[in-house]
Number of protein chains: 2
Amino acid sequence: MTFHIPLAKILEAQNRIAPYTRRTPMLPPPLVHRDIPQRLHLKLENLQVSGSFKARGVFNTLLQLEPDQRARGAVTASGGNHGLALAYAASRLGMPATVYLPGRASEDRVARIARFGAKVIKHGDAWDDANAKALEHADREGVAYVPAFDGHSVVEGQGTLGLEIIDDLPDVDCVLIAVGGGGLIAGVSAAIRQKKPDVTIIGVEPVGAPSMHKSIAAGQRVGMQQVRTIADTLSPKSVSDLTYGVTSQYCDRVHLIDDRQMIQAMRWLWAECNQLVEPAGAAVIAALLDGGIDIGKYHAPVAIICGGNAAAESVFTAYQQAADMMSGIN
Amino acid sequence: MTFHIPLAKILEAQNRIAPYTRRTPMLPPPLVHRDIPQRLHLKLENLQVSGSFKARGVFNTLLQLEPDQRARGAVTASGGNHGLALAYAASRLGMPATVYLPGRASEDRVARIARFGAKVIKHGDAWDDANAKALEHADREGVAYVPAFDGHSVVEGQGTLGLEIIDDLPDVDCVLIAVGGGGLIAGVSAAIRQKKPDVTIIGVEPVGAPSMHKSIAAGQRVGMQQVRTIADTLSPKSVSDLTYGVTSQYCDRVHLIDDRQMIQAMRWLWAECNQLVEPAGAAVIAALLDGGIDIGKYHAPVAIICGGNAAAESVFTAYQQAADMMSGIN
């Protein structure tokens, strides 16, 4: 079975979501240090509304619902960012929303989603467990299920990010993309390779949740028994037939990185360009710092910083304590 | 005595510093919430090299030094960001650098500056005390003193940010600018008002260090006996004759905000667009949230997010602990 994401559909998505999403900036060189080629461009998708690329696919899906479906609302399951995007988009469109999260989802994830008025329900261990419940919920309540990655409208929405990269950097010759469920890499690689067939597409996946890597090696979709990574938004037990099918056509390789490398890359992004991101958002940088990819041979490489929803509360608490102390002792 | 920052000098600065600095992005609407007009644009100068606008003025100054001056190096005093910019620029240009900081400068500030190889010396209580030592040092050692704000080349360099705003948003009709020593507001307001005389310029200053506010009210430069704010980069005891002289010509008003409001604004910037910034970087947002400025009447207002060097180490530590725990228990 072959899968195809037509460029025309991605262009339609771009027009559809434009009033609701941001055209995120590409941060040009120079970087501050030189341990990665100075000509690296960073696509700062952590600046997207709701803090990740997920808003693209969600808006593209919700905006195609019939009015009666919209009125009934939407449900999904998420490692965090997709649920946040659904909650945000539903709030903007005046729809009710329910988000299932795996039981170990952090309080920061829950609080951000609840802030937009969505109902949050924790279930099971991995994303896949929560997703089974979300599907049951959609069936039982007759509300729209918005897939986290396994849906054409979602993948087409994520593909709009690829169009922006080509617009902003027509000479792009390599793109690094983090892989969770595979919706981002499927959409972006489809957009880019249909416009520029020679661009190298490199996926980056946690070694603790390597479903795409193993699937491409096996020549068919392979699921994991267990996943283990702090990059909660990159940790479904399996990619889907759709995302595997599209990605395997366009992706040149999938590079694996570990949690320690993602945290090192978070620090690097903070030091180099004052961007605080979650582990998944730093995964592509981890791959570059790792040295396992020969990025030096590309003239205009782009790393997609896919999400920024790090747990940052400790920073604000510390500043508040400093302010309290200053006003108290003077 | 009148002071003038000619537009031609700002244009010269723009060409001079372009190879070394970033043309920082303007984040377009929509914002995520609606407590500030949706049409607000954010100039993300926290994405500048070294994390603040200060790199502009520093490069514009260092690049005009004679070769023998460059070889001897440079010295300055800083609340943090100017010192960091000097350390970074000196490192890029292969120069030795020394930075004096007030005694209460945080370890985060010291570590960031030292990372670029500059010598860091703490002295006194406020910036002004450290600055007296830096001037002595320059005199004694025969090295170039790079003023934090009180210098034409510095103000001209900061003015390049104003040119970018007009290029990116030709309809701009209001700009909000944080005020410390006044170098940023002097340069940016000079650039913008010479090109578009009708743009409203609003300064934002901590109530605990209100030198520009008091100077404009008094019709002459007024210094403070004491300053008290967590916004360390906005807390010299006095603006300079130059920065007061230029700003008083172009600035429509200076709005005062307190530390609590800046921390609230830091949280707002994080929630709205995943930008973690220092208190000074959030000052203009604090002024908007405060409601004391009627921003609704402007069609294309811009808030300059001037610096992002927040102390964020606690975030990385927490993620490392989570990763250690995950690898330990499995």
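Residues numbered from 1 in each chain as written. Chains lettered and ligands numbered in written order. Predicted model: local features only at pLDDT ≥ 70, side-chain atom pairs only at ≥ 80, totals over all residues. Heavy atoms only, no water.

Undergrad: I'm lost on the overall build of chain A in this one. Help?
TA: In terms of helices and strands, chain A carries 13 helices and 10 strands. Taken against the 2.2 N^0.38 rule, which gives 20 Å for 330 residues, the C-alpha radius of gyration of chain A at 19 Å falls within 12% of a compact globule. Classification of the 330 residues of chain A by burial places 63% in the buried group. Restricting to contacts in chain A with at least 6 residues of sequence separation, those with at least 24 account for 73%. As presented, chain A carries roughly 11500 Å² of accessible surface, and 49% of it is formed by carbon and sulfur atoms. Across chain A, the mean location of the 31 positive side-chain charges is 1 Å away from that of the 33 negative side-chain charges. (Helix = DSSP H or I, 4+ residues; strand = E, 2+ residues; numbered from the N terminus. Rg over C-alpha atoms; globule rule 2.2 N^0.38 Å. Buried < 20%, exposed > 50% of the residue type's maximum accessible area, 1.4 Å probe, protein only. Contact = heavy atoms within 4.5 Å. Areas by Shrake-Rupley, 256 points an atom, 1.4 Å probe, with all protein chains shown as cover. Lys, Arg positive; Asp, Glu negative; His and termini not counted. Charge placed at Lys NZ, Arg CZ, Asp CG, Glu CD.)

Undergrad: Could you clarify how one ought to interpret the pairing of strand β7 (residues 174-178) of chain B in this entry?
TA: Taken residue by residue, a regular strand's side chains alternate between the two faces of the sheet. Residue and element names in this part refer to chain B. Of all 5 residues that make up β7, 5 are buried, and the element is covered over most of its length. What you see with β7 is no split at all: C174, L176 and A178 on one side and V175 and I177 on the other are buried throughout. Across 5 bridges, β7 lies against strand β8 (residues 200-206) in parallel orientation. When the sheet's bridge partners are listed, C174 is paired in β8 with T200. Strand direction decides the pairing type here: β7 and strand β10 (residues 301-305), joined by 3 bridges, are parallel. Looking across to β10, one finds that L176 is bridged to A303. (Pairing = 2+ DSSP bridges.)

Undergrad: Can you help me understand the sheet that holds β8(B) in this one?
TA: Sheet strands associate in pairs through backbone hydrogen bonding, adopting either a parallel or an antiparallel arrangement. All names here are of chain B. Strand order across the open sheet formed by 6 strands is β1-β2-β10-β7-β8-β9, with mixed pairing between neighbours. Strands with a single pairing partner mark the edges of an open sheet, and in this sheet they are β1 (26-27) and β9 (253-257). Two elements, strand β2 (residues 41-44) and β10, share 4 bridges in a ladder whose sense is parallel. From the neighbouring strand, H41 faces β10, where its bridge partner is V302. Seen against the sheet, helix α9 (residues 211-218) touches β8 and β9 and runs at an angle of roughly 140 degrees to β9. (Axes fitted to C-alpha atoms, helices over the stretch in contact; angles between N-to-C directions.)

Undergrad: Help me understand the interface of chain A and chain B in this model?
TA: Interfaces are often sized by the amount of accessible area the parts lose when they come together. Counting from both sides, the interface comprises 56 residues of chain A and, opposite them, 56 residues of chain B. Of the roughly 5100 Å² buried at the junction of chain A and chain B (both faces included), carbon and sulfur atoms supply 60%. When the buried area of chain A at its contact with chain B is split by residue, R22(A), F316(A) and Y319(A) rank highest and sum to 15% of it. Among the salt bridges present, the one from E313(B) reaches R267(A), with a minimum N-O distance of 2.8 Å. Every element with two or more residues in the side of chain A that touches chain B is listed here: α4 (81-93), α5 (107-115), α11 (259-273) and α13 (313-329) of chain A. Per element, the largest residue contribution to the side of chain A that touches chain B is 10 residues, and it comes from α13(A). (Buried area = accessible area lost by both parts, 1.4 Å probe. Salt bridge = Lys/Arg side-chain N within 4 Å of Asp/Glu carboxyl O.)

Undergrad: In this structure, what is going on with the environment of C306(B)? I would like to understand it.
TA: Checked against the element boundaries, C306(B) lands in the loop between β10 and α13 (313-329). Judged by its relative accessible area of 5%, C306(B) is buried.

Undergrad: Help me understand the relation of the copies chain A and chain B in this model?
TA: Applying a rotation about an axis and a shift along it to one chain copy brings it onto the other copy. Note on the identical chains: chain A maps onto chain B by a rotation of 180 degrees and an axial translation of 0.0 Å, with an RMSD of 0.0 Å. When the rotation and shift are considered jointly, the pair of chain copies conforms to a two-fold rotation axis. (Least-squares fit on C-alpha atoms with pLDDT ≥ 70 in both.)

Undergrad: Any chance you could explain the packing of helix α7 (residues 152-168) of chain A against helix α8 (residues 183-195) of chain A here in plain terms?
TA: Each pair of packed helices gets described by two things: the angle between the helix axes and the distance between those axes. Residues and elements named next belong to chain A. The interhelical angle for the contact between α7 and α8, taken along N-to-C directions, is 50 degrees, at an axis separation of 7 Å. One element, α7, and the other, α8, form an angle in the oblique class. Note on packing geometry: the crossing formed by α7 with α8 is right-handed. Counted together, V155, Q158, G159, L161, G162, L163, I165 and I166 of α7 and G183, L184, A186, G187, V188, A191, I192 and K195 of α8 form the full contact between these two elements. For the contact of α7 with α8, a count of residues per class yields 10 nonpolar, 5 polar and 1 charged. (Parallel < 35°, antiparallel > 145°, perpendicular 65-115°, else oblique. Left-handed = near helix turned anticlockwise from the far one by under 90°. Nonpolar A, V, L, I, M, F, W, Y, C, P; charged D, E, K, R; others polar.)

Undergrad: In this structure, what is going on with the sheet that holds strand β6 (residues 144-145) of chain A? I would like to understand it.
TA: All names here are of chain A. Strand order in the open sheet formed by 4 strands is β5-β4-β3-β6, with parallel pairing between adjacent strands. Two strands close off the open sheet at either side, each with one partner strand: β5 (119-122) and β6. As defined by bridge partners, strand β3 (residues 74-77) adjoins strand β4 (residues 97-101) across 4 bridges and the pair is classed as parallel. Paired with A77 across the strands is Y100, a residue of β4. The strands touched by α4 are β3 and β4; relative to β3, the strand with the most contacts, the crossing angle is about 165 degrees. Where α5 meets the sheet, it contacts β4 and β5, and its direction lies at approximately 155 degrees from that of β5.

Undergrad: I keep staring at the nonpolar core and nothing clicks. Help me out?
TA: Generally speaking, soluble globular proteins have nonpolar side chains that are buried together. Ranked by internal contacts, the top residues of the largest apolar core, which has 142 residues, are L42(A), I285(A), L42(B) and I285(B). Among all residues touching I285(B), those that are not within four sequence positions of it are I36(B), L40(B), L42(B), A265(B), W268(B), L269(B), A303(B) and I305(B). (Core = buried A, V, L, I, M, F, W, Y, C linked by side-chain atoms within 4.5 Å.)

Undergrad: Quick question: what am I supposed to make of unusual backbone geometry here?
TA: Omega for the bond connecting P29(A) with P30(A) falls within 30 degrees of zero, at 0 degrees, which places this linkage in the cis form. Residues other than glycine seldom take positive phi values, yet S50(B) does so here, at roughly 70 degrees. By the element assignment, S50(B) lies in the loop between β2 and α2 (54-62).

Undergrad: Honestly, the domain arrangement of chain A in this entry has me stumped. Any pointers?
TA: All names here are of chain A. For chain A, the domain assignment lists domain 1 (7-52 + 151-313) and domain 2 (55-145). Here domain 1 and domain 2 have C-alpha centroids that lie 23 Å from each other. Here domain 1 meets domain 2 over a buried area of about 2300 Å², counting both sides, of which 50% is carbon and sulfur. Between the two partners, domain 1 and domain 2, sit 15 residue pairs in polar contact (both at pLDDT 80 or more). Those elements that place two or more of their residues in the side of domain 1 that touches domain 2 are α1 (7-17) and α7. Of the residues belonging to the side of domain 1 that touches domain 2, the class tally is 11 nonpolar, 12 polar and 9 charged. (Domains from an automatic or database assignment. Polar contact = N/O pair within 3.5 Å; in protein donor to acceptor, adjacent residues only side chain to side chain.)

Undergrad: Would you explain the environment of L176(A) in this entry?
TA: Residue and element names in this part refer to chain A. For L176, the position within the fold is in strand β7 (residues 174-178). Assessed through its relative accessible area of 0%, L176 is described here as buried. Expressed as a C-alpha distance, the spacing of L176 and C251, which sit 75 residues apart in the sequence, is 9.9 Å. When residues no more than four places from it in sequence are discounted, the contact partners of L176 are I202, V204, V284, L288, I293, I295, V302, A303 and I304.

Undergrad: Looking at this structure, I do not really get helix α1 (residues 7-17) of chain B. What am I missing?
TA: Since the α-helix turns once every 3.6 residues, residues separated by three or four places project in the same direction. Residue and element names in this part refer to chain B. For α1, the complete set of buried residues consists of L7, I10, A13 and I17. Down the axis of α1, the sector holding all buried residues measures 115 degrees, keeping them to one side. Turning to α1, the residues buried within the fold contact α2, α7 (152-168) and α8 (183-195). (Arc of directions from axis to C-beta.)

Undergrad: Quick question: what am I supposed to make of the packing of aromatic side chains here?
TA: In this description, an aromatic ring pair is defined by two values, namely the gap between the centres and the angle between the planes. This structure, assessed with the given rule, holds 8 aromatic pairs over all chains. A centroid spacing of 6.1 Å and a plane angle of 85 degrees characterise the contact between F59(B) and Y88(B), whose relative ring orientation is edge-to-face. Of this pair, F59(B) sits in helix α2 while Y88(B) sits in helix α4 (residues 81-93), and the two are 29 residues apart along the sequence. Residue F59(B) is classed as buried on the basis of its relative accessible area of 0%. The exposure class of Y88(B) is buried, given its relative accessible area of 1%. Taken together, the ring pairs connect Y20(A), F59(A), Y88(A) and F116(A) into an aromatic cluster. (Phe/Tyr/Trp six-rings, centres within 6.5 Å; stacked < 30°, edge-to-face > 60°.)

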